[in-house]
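This is what each chain is made of:
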Amino acid sequence: MREAKKKSPARIYVTFAIVIIICGLIGGIVGVAAVSNEFSVRNLGEQFNLMLASLGPWCYVPGFLLLVGATWYYFRGKRMIPQALEDDELFPQANLTFCRAMFLANLATVLMFLAMALGYAASWGVNLSWFLLIGHIIWMAAIQARIISATKKLFPEKRGDIFDFKFQKDWYESCDEAERQQIAQCSYQAFKVMGLIFPGIMAILSILSVIDLVAPSYSLLVGGLWLVQQFVYNYTSLQMDKKRS
């Protein structure tokens, strides 16, 4: 196996310094451009807000489309269960089908909250948005419960009720070592991506705050979420180190 090429400390420091300088230059240019074109940027922001307000109940469409996809995968996987329990080659395919169904259902959950915020800030269709929200919640909860129930038929050792607040804990405890390693890898990828997104969003909000396009509270909100992520990660790491010492 080819060994990974080691970087010298000097190269690492120089690369880091160059990236910081480039980011600083870009931020400075964007900031100066935004200040010099404050009114055009402000008008663009106002137009964007008006566009969002005009969507109304249409904001729920993407979430419902994902729920349709999740339901389709669920019924497809459900038909595969009897054969999957007898055929080892079909078993992974059935499990993957339910994973895809849950993937779409989880994304629909996030889109539901976005639609809820945008729908009630709209200039029309507020009453319709209430019915769409209720329908989305019922459909989302039902399909997630059915996916978990079907997955338990493939893996009888799985525990947990999705309507229980301890579901994640019970489900994780019923996972084997390989599944826990997979969860750890997924968590690492999510943490790594958000570690890039948070500072980028904070930089953008800082520039927009300077020219009074957004309120400072937006920076507090994003910074608070970033702080929670860092605190939970580092606190958990310290607790694990404490147990090993």
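See the structure shown above.
Residues numbered from 1 in each chain as written. Predicted model: local features only at pLDDT ≥ 70, side-chain atom pairs only at ≥ 80, totals over all residues. Heavy atoms only, no water.

Now for the overall build of the chain. Scanning the chain from terminus to terminus reveals 8 helices and 0 strands. Reading the chain from its N terminus to its C terminus gives the helix and strand order α-α-α-α-α-α-α-α. When each of the 245 residues of the chain is scored for burial, the buried share is 24%. A separation of at least 24 residues holds for 62% of the contacts in the chain among residues at least 6 apart in sequence. For the chain, the computed accessible surface area is about 17500 Å², with 69% contributed by carbon and sulfur atoms. (Helix = DSSP H or I, 4+ residues; strand = E, 2+ residues; numbered from the N terminus. Buried < 20%, exposed > 50% of the residue type's maximum accessible area, 1.4 Å probe, protein only. Contact = heavy atoms within 4.5 Å. Areas by Shrake-Rupley, 256 points an atom, 1.4 Å probe, with all protein chains shown as cover.)

This part is about helix α4 (residues 91-120). A rise of 1.5 Å per residue sets the reference length of α4, with its 30 residues, at 44 Å; its end C-alpha atoms lie 44 Å apart and thus fit the reference within 8%. Listed in full, the buried residues belonging to α4 are A94, T97, F98, A101, M102, L104, A105, A108, T109, M112, A115 and G119. Here the buried face of α4 lies against α3 (61-84) and α5 (126-154). (Expected span 1.5 Å × (residues − 1).)

A few words now on the pattern of salt bridges. On inspection of all chains with the given rule, the structure shows 3 salt bridges. Between E179 and K158 there is a salt bridge, and its shortest N-O distance comes to 2.7 Å. In this pair, E179 is assigned in helix α7 (residues 177-210) and K158 in the loop between α5 and α6 (167-173), connecting sequence segments 21 residues apart. As far as the burial class goes, E179 and K158 line up, both buried. Taking the shortest distance from any N to any O, the salt bridge between E173 and K169 comes out at 2.7 Å. (Salt bridge = Lys/Arg side-chain N within 4 Å of Asp/Glu carboxyl O.)

Turning our eyes to something else, we now look at the packing of aromatic side chains. Scanning the entire structure with this criterion turns up 9 aromatic pairs. When the ring of Y74 is compared with that of F98, the centres are 6.4 Å apart and the planes differ by 50 degrees; the resulting orientation is tilted. Within this pair, whereas Y74 is found in helix α3, its partner F98 is found in helix α4, the two being separated by 24 residues in sequence. Across the pair, F98 and Y74 agree in class, each one buried. A connected cluster of aromatic rings, assembled from ring pairs, spans Y74, F75 and F98. The aromatic ring of F155 is capped on one face by K158, whose charged end is 5.8 Å from the ring centroid. (Phe/Tyr/Trp six-rings, centres within 6.5 Å; stacked < 30°, edge-to-face > 60°. Lys NZ or Arg CZ within 6 Å of the ring centre and 35° of its normal.)

Okay, the packing of α7 against helix α8 (residues 216-244) next. The axes of two packed helices give the description: the angle between them and the distance between them. Across the interface, α7 lies against α8 with an axial gap of 9 Å and an inter-helix angle of 155 degrees. Considering their axes alone, α7 and α8 lie roughly antiparallel with respect to each other. α7 and α8 meet at a crossing whose hand is left-handed. Here F191, M194, F198, P199, I201, M202, L205, S206 and S209 of α7 lie close against α8, whose contacting residues are P216, Y218, S219, V222, G223, L225, W226, Q229, Q230 and Y233. Class assignment of the residues belonging to the contact of α7 with α8 gives a composition of 13 nonpolar, 6 polar and no charged. (Axes fitted to C-alpha atoms, helices over the stretch in contact; angles between N-to-C directions. Parallel < 35°, antiparallel > 145°, perpendicular 65-115°, else oblique. Left-handed = near helix turned anticlockwise from the far one by under 90°. Nonpolar A, V, L, I, M, F, W, Y, C, P; charged D, E, K, R; others polar.)

On the surface, E86, D87, D88 and E89 cluster together into a negatively charged patch. Judged by its relative accessible area of 73%, E86 falls in the exposed class. (Patch = residues over 30% accessible without salt bridge, like charges linked within 9 Å, V, L, I, M, F, W, Y side chains within 5 Å. Lys, Arg positive; Asp, Glu negative; His and termini not counted. Charge placed at Lys NZ, Arg CZ, Asp CG, Glu CD.)

Let's shift gears to α7. Within an α-helix, residues lying three or four positions from one another point in the same direction, as the helix has 3.6 residues per turn. Across its 34 residues, α7 extends 49 Å between first and last C-alpha, which sits within 8% of the 50 Å expected from 1.5 Å per residue. Within the sequence span of α7, burial applies to E179, F198, M202 and L205. Elements in contact with the buried residues of α7: α8. Residue D176 occupies the N-cap position of α7, its side-chain oxygen lying 3.3 Å from the main-chain nitrogen of A178. (Polar contact = N/O pair within 3.5 Å; in protein donor to acceptor, adjacent residues only side chain to side chain.)

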